[in-house]
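# Residue-level structure breakdown
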Amino acid sequence: MTHDELLAKINELDYVIGTEPSGDKAVLALRAVVELHKPDVSWFDKTEPVCGHCGWGKTEMVYPCPTIQAIEKELK
């Protein structure tokens, strides 16, 4: 799924969880993580998306990174 589709799916969780304070915080935390791990353009291969948060120095992580993959797996 795309990054925008994943964020939309997380936004739907607000309706499932309702007004429970701990649930609201969990959704906010999950959304913050997904927003950090958004796709970006690779420095090395302009055609392949990379995670804008993972990687360091000259190392890049292909998007979706393991963090996004784990979230997508649980939300399917």
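Residues numbered from 1 in each chain as written. Predicted model: local features only at pLDDT ≥ 70, side-chain atom pairs only at ≥ 80, totals over all residues. Heavy atoms only, no water.

## Things to note about the state of the cysteines
Our working definition: Two cysteine sulfur atoms form a disulfide, by the criterion used here, when they sit within 2.5 Å.
Counted by the stated rule, this structure contains 0 disulfides. With no disulfide of its own, Cys51 lies 3.7 Å from the sulfur of Cys54, the closest cysteine sulfur. We note that Cys65 lacks a disulfide partner, and the nearest cysteine sulfur, in Cys51, lies 3.7 Å from it.

## A closer look at helix H3 (residues 66-75)
Selection criterion: We call a residue buried when its accessible area falls under 20% of the maximum for its residue type, exposed when it is over 50%, and partly exposed in between, using a 1.4 Å probe and counting protein chains only. Strands here mean DSSP runs of E at least two residues long; helices mean DSSP runs of H or I at least four residues long; both are numbered from the N terminus. The arc in question is traced by the directions running from the helix axis to the C-beta atoms.
Those residues of H3 not exposed but buried are Ile68, Ile71, Glu72 and Leu75. Looking straight down H3, one finds that the buried residues subtend no more than 100° of arc, so they occupy a single side. Exposed residues pointing more than 90 degrees away from the buried face of H3 are listed as Pro66, Lys73 and Glu74.

## Points about the environment of Cys65
Put simply, the rule is: Contacts were defined at the residue level, with two residues in contact if any of their heavy atoms lie within 4.5 Å.
In this structure, Cys65 sits in the loop between strand E2 (49-51) and H3. Owing to a relative accessible area of 0%, Cys65 belongs among the buried residues under this scheme. Considered as a pair, Cys65 and Cys54 are 11 residues apart in the sequence and their alpha carbons are 7.4 Å apart. The residues contacting Cys65, other than those within four sequence positions of it, are His37, Cys51 and Cys54.

## Examining the side chain of His3
The condition that has to hold: For the purposes of these results, a polar contact is taken to be a pair of N or O atoms within 3.5 Å, where, inside protein, one atom must be able to donate a hydrogen and its partner to accept one; residues adjacent in sequence count only when each atom of the pair is a side-chain atom.
Position of His3 relative to the elements: it lies in helix H1 (residues 3-17). Here His3 falls in the buried class, since its relative accessible area comes to 12%. Within the local environment of His3, its side chain forms a polar contact with the side chain of Tyr63, the two groups lying 3.2 Å apart. Discounting chain neighbours no more than four positions away, the residues touching His3 are Val34, Glu35, His37, Lys38, Pro39 and Tyr63.

## As for the confidence of the model for the protein chain
Do not read the predicted coordinates in detail wherever pLDDT is low. Just so we agree on the cut-off: pLDDT measures how confident the predictor is about each residue, on a scale from 0 to 100.
Of all residues in the protein chain, 87% attain a pLDDT of 70 or more, and the chain-wide mean is 86. H3 holds the highest mean pLDDT among the elements of the protein chain, 96, whereas H1 holds the lowest, 82.

## Quick notes on unusual backbone geometry
A cis geometry characterises the amide bond from Tyr63 onward to Pro64, with omega recorded as 5°. Relative to the elements of secondary structure, Pro64 occurs in the loop between E2 and H3.

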